[in-house]
Amino acid sequence: MLRLTEDIAKAWLRAKGLPVPRGAAADSAEAAARLAADMPGGAVIKALVPAGRRGKAGAVRVAADAKASRTAAAELLGSEVHGYAVQRVYVEERIAIRSEHYLSFMLNGPRPEVILSRSGGVNVEDALGSTENVVRAAVDPLRGLQSGDTMALWRKAGLPGAVVPAIGGLTAALYEAFCAADALLLEINPLAVDDRGGLALVGAMMGVDQNALFRHPAWAGGALTGTLPANPRERGVALANRALPGGECQYVELDGDIGLLVGGGGAGLYQHDLVLELGGRPANHCVTPPTGSDNRKLKAVLSAILDNPSLRGLLIGFNFAQMARTDIRVRTLVELLDEKGGRTARLPIVIRLFGAGEAESRAMVTGRANVHYVPRGTTLKEAAALIVRLVAEAKAEERAA
Amino acid sequence: MSILVDRETRVTVQGITGGQARFDTEWCIRYGTRIVSGVTPGKGGETVHGVPVYDTMRRALADHPVDASVLYVPAPMVKPAVLEAIDAGIRLLLVTAEYVPLHDVVHVVAAARAAGARLIGCNTNGVISAGKSKLGGVGGIDPDEIYAPGRIGICSRSGGMTAEIALALRQAGYGVSTSVAMGGDLVTGTTMAEYVALFEKDPDTDAVVVFGEPGTDNEQELAALLRAGGVRKPVVALISGAFQERYPAGMAFGHAAAAINSSDESASAKRRILREAGAHVAQSLEEIPQLLRRALNGN
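In this text, all values refer to a predicted model and were calculated from it rather than measured experimentally.

### Considering the overall build of chain A
Piece 1. Looking only at helices and strands, chain A features 14 helices and 19 strands.
Piece 2. For chain A, the C-alpha radius of gyration of 27 Å lies well beyond 21 Å, the compact-globule estimate for 401 residues.
Piece 3. Dimensions of chain A along its principal axes, counting C-alpha atoms only, are 80 × 50 × 40 Å.
Piece 4. By residue count, 46% of the 401 residues in chain A fall in the buried class.

### Here we look at the overall build of chain B
Piece 1. Tallying secondary structure elements over chain B gives nine helices and 14 strands in all.
Piece 2. Expected size for 299 residues packed as a compact globule is a radius of gyration near 19 Å; at 19 Å, chain B falls within 12% of this value.
Piece 3. Projected onto its principal axes, the C-alpha positions of chain B cover 55 × 40 × 30 Å.
Piece 4. Counting only contacts in chain B whose residues sit at least 6 apart along the sequence, the fraction spanning at least 24 positions is 71%.

### Description of the interface of chain B and chain A
Piece 1. Taken residue by residue, the interface counts 45 residues in chain B and 38 residues in chain A.
Piece 2. Secondary-structure elements contributing two or more residues to the side of chain B that touches chain A are α4 (102-115) and α5 (159-171) of chain B.
Piece 3. Per element, the largest residue contribution to the side of chain B that touches chain A is eight residues, and it comes from α4 of chain B.
Piece 4. Considering only residue class, the side of chain B that touches chain A consists of 25 nonpolar, 15 polar and five charged.

### Points about the sheet that holds strand β7 (residues 89-93) of chain A
Residues and elements named next belong to chain A.
Piece 1. Ordered by their spatial adjacency, four strands build an open sheet running β2-β7-β3-β4, and the pairing between neighbours is antiparallel. Strand pairing shows two members of the sheet lacking a second neighbour, β2 (23-26) and β4 (60-63), which therefore form its edges. Neighbouring strand axes in the sheet, compared pairwise and without regard to direction, differ in orientation by 25° on average.

### Considering the domain arrangement of chain B
Residues and elements named next belong to chain B.
Piece 1. As assigned here, chain B comprises domain 1 (1-125) and domain 2 (146-299).
Piece 2. The C-alpha-based centres of domain 1 and domain 2 are spaced at 26 Å.
Piece 3. Each partner contributes to the interface: domain 1 provides 17 residues, whereas domain 2 provides 20 residues.
Piece 4. Contributions of two or more residues to the side of domain 1 that touches domain 2 are made by α4 and β7 (118-120).
Piece 5. When residues in the side of domain 1 that touches domain 2 are grouped by element, the largest group, five residues, is from α4.

### Focus on the packing of helix α11 (residues 296-307) of chain A against helix α12 (residues 326-340) of chain A
All names here are of chain A.
Piece 1. Between α11 and α12, whose axes approach to 10 Å, the crossing angle comes to 45°. It follows from the interaxial angle that α11 and α12 lie oblique. With respect to the hand of their crossing, α11 and α12 are arranged in right-handed fashion. In this structure, α11 contributes Leu298, Lys299, Leu302, Ser303 and Leu306 to the contact, and α12 contributes Arg329, Thr332, Leu333, Leu336 and Lys340.
Piece 2. Class assignment of the residues belonging to the contact of α11 with α12 gives a composition of five nonpolar, two polar and three charged.

### Brief notes about the domain arrangement of chain A
All names here are of chain A.
Piece 1. Under the domain assignment, chain A is made up of domain 1 (1-20 + 96-226), domain 2 (22-94) and domain 3 (228-400).
Piece 2. Each of domain 1 and domain 2 was reduced to a C-alpha centroid, and the two centroids are 22 Å apart.
Piece 3. Listed per partner, the contact involves 11 residues of domain 1 and 12 residues of domain 2.
Piece 4. Among the secondary structure elements, those contributing two or more residues to the side of domain 1 that touches domain 2 are β1 (2-4) and α1 (6-15).
Piece 5. With three residues, the single largest contributor to the side of domain 1 that touches domain 2 is α1.
Piece 6. For the side of domain 1 that touches domain 2, the per-class residue count stands at four nonpolar, two polar and five charged.

### Side note on the environment of Arg61 of chain A
All names here are of chain A.
Piece 1. Within the secondary structure, Arg61 is located in strand β4.
Piece 2. C-beta crowding within 10 Å serves as the criterion here: with 19 such atoms nearby, Arg61 is assigned to the partly exposed category.
Piece 3. Along the sequence, Arg61 and Ser147 sit 86 residues apart, while their C-alpha atoms lie 34 Å from each other.
Piece 4. Setting aside its immediate chain neighbours within four residues, Arg61 contacts Ile45, Ala72 and Leu76.

### Observations concerning helix α3 (residues 78-87) of chain B
Residues and elements named next belong to chain B.
Piece 1. Of all the residues in α3, the buried ones are Val78, Ala81, Val82, Glu84, Ala85 and Ile86.
Piece 2. Where α3 is buried, its residues meet β1 (10-14), α2 (57-63), β5 (68-71), β6 (92-95) and α4.
Piece 3. At the C-terminal side of α3, Gly89 shows a positive phi close to 100°.

### Looking at the nonpolar core
Piece 1. Grouped together as the largest cluster of nonpolar side chains are 189 residues, with contacts concentrated most on Val301 of chain A together with Leu93, Val196 and Ile288 of chain B.
Piece 2. Discounting residues that sit within four places of it in the chain, Val196 of chain B has contacts with Cys155, Val208, Val210, Leu222, Leu225, Val231 and Val235 of chain B.
Piece 3. By size, the runner-up hydrophobic cluster in this structure holds 24 residues, among which are Ala26, Val44, Ile45 and Val49 of chain A.

### Brief notes about the sheet that holds strand β3 (residues 47-48) of chain B
Residues and elements named next belong to chain B.
Piece 1. Taken in spatial order, the seven strands line up as β3-β4-β2-β1-β5-β6-β7 in an open sheet, and their pairing is mixed. Edge strands, defined here as strands with exactly one partner in the open sheet, are β3 and β7.
Piece 2. Bridging between strand β2 (residues 34-39) and strand β4 (residues 51-54) involves two bridges; their strand directions are parallel. In the sheet register, Gly38 faces β4, and the bridge partner there is Val53.

### Some points on the packing of α12 of chain A against helix α13 (residues 358-365) of chain A
All names here are of chain A.
Piece 1. With their axes 8 Å apart at the nearest point, α12 and α13 run at an angle of 15° to one another. The orientation of α12 with respect to α13, classified from their angle, is roughly parallel. Where α12 crosses over α13, the handedness of that crossing is left-handed. Every residue of α13 that contacts α12 at Thr326, Asp327, Val330, Arg331 and Val334 is listed here: Glu358, Glu360, Ser361, Met364 and Val365.
Piece 2. Classifying every residue of the contact of α12 with α13 gives four nonpolar, two polar and four charged.

Reading the values: rules and limits
Residues numbered from 1 in each chain as written. Chains lettered and ligands numbered in written order. Predicted model: local features only at pLDDT ≥ 70, side-chain atom pairs only at ≥ 80, totals over all residues. Helix = DSSP H or I, 4+ residues; strand = E, 2+ residues; numbered from the N terminus. Rg over C-alpha atoms; globule rule 2.2 N^0.38 Å. Buried ≥ 20, exposed ≤ 12 C-beta atoms within 10 Å, placed from the backbone. Contact = placed C-beta atoms within 7 Å. Nonpolar A, V, L, I, M, F, W, Y, C, P; charged D, E, K, R; others polar. Pairing = 2+ DSSP bridges. Axes fitted to C-alpha atoms, helices over the stretch in contact; angles between N-to-C directions. Domains from an automatic or database assignment. Parallel < 35°, antiparallel > 145°, perpendicular 65-115°, else oblique. Left-handed = near helix turned anticlockwise from the far one by under 90°. Core = buried A, V, L, I, M, F, W, Y, C linked by C-beta atoms within 7 Å.

Below you can see the structure in the form of structure tokens.
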């Protein structure tokens, strides 16, 4: 899920004609003060990070005027909130709130879920923890959510009758905006009723489906401004994943010493379990894209694995006889071993790779004493046992020396 | 018999003129699949490996009645293509595309269910009834090397693992009635429990092997079916991904669907829940035939 910052989420809702308070992003205290000068009722300054629960984290400040806004923005900018460095703040007109409610939509199963609560605001966790005045319902994806349904839900949540028609209509419109954004999460907290009885979407957090970014090209760039992993090898693979064409690649570094070059699916999970059960400790988990003529993503992942200073052995394990060409993977390995040289020349490597181009693949590693290309018919478990044994032996030899 | 596909199943291929579709179509035909037509808008009148191509599903169906459609259309086109097939009356669909937006997935899954159609996938490499017919790329150019005809059903969250399971069975003298890769996405057209229920009704299947991963409630739903007495045939389960429990929740390992959202969705919890419901839980591929032998022969 790609979490959008509040300015982007609110721009989307505003464009749908929904009641979003006036506001804009600022990257300096001066800019925040200028925006606040145009807000006679006072301003709210919020840290712009892609995370919820900012009120609790002290990242939402109320400012009476431009001067106070400058101070609040100066304090927030450069601070850290929920693990993100605050580079921008959101400056929004302050709404005189009569009552605060909570509404969210979530999609992580066959049917979208709607949650609404009579009470919202900073302490919404307490409210959601109880069953009183909180309503959860599944939505039929074909039928959607109509205002008749949403009014009934708000009545069930105990909302006073006078406000139900307006908030019911708004909820149905928000559901449409949720679907149109390909959102997996849309949380409105608080959904406020102001002192004149009007509705305002005061807090809005939205996370969208990365697989749907082809429909939302403006947000695809947003992913680039998200935080990258601090580990240089993980960062390298994350950047390759964004910049290069082809299926997804991932690399997660762990605390062990046996590198795993596996696909993205079940066989990778199975081999990771096996290495652990056999007494080995994986140095990473990874996802590599299906083989194609462009091997750059594969190379980025394998390069990261080989650059891990803790690495003591490598298992290249894929499931049997799918159509993937084995020679592309083995050529990538050989290229990287030649490039990196040094300790990789003695690194125990086990290859369990059967399928198209296999004879060529075996020929490419002939004469490399550290590379063990297991015979056809070797099971995934036997290959995992071999790398665990080779690494244990190498360590024992070193201790003896 | 078998489930989902057999020698008589007549098949159309949506997106037949693409590279992967051409390749798979050739090897499906060689295996015995009755591919009678293909559909690619704008390519009507062409042929692919002798199969006539039509611009629309309705025109294809006017010339050749079909029972199933295999969709090779790219992820952005899955929703309109599936809806077109359902509207045309097709009641078995197999969607190969990966990375289909989740809103589209839940829509087409609900639409298929409402129409009484069965949707396999998305993100599946196919279904094979050994020795009879196959849909999709499963088995590659030599399915016989892996899938020996026999009486064991396979249902797997992972396409690659269906091959490993079939090989482990073959080495122990077992064969496969039907093997289906259900797809590893968060939401699939058909659930693991539904596939197992189909195998339960198939007179040519004696036992079922399932492969599961962390994430989703597929295995919990299967356990509920077992507890309710809905399956009399032995079920052997291999569930991978227990290593994830050593690391903080929410850490991404592989497919997005294989993330643990609640404690019931971990591999260990799934193994326990299935074992308690009467399934035979294997620790490795090698153990699968041993458990089958014990369950089928009582020794």
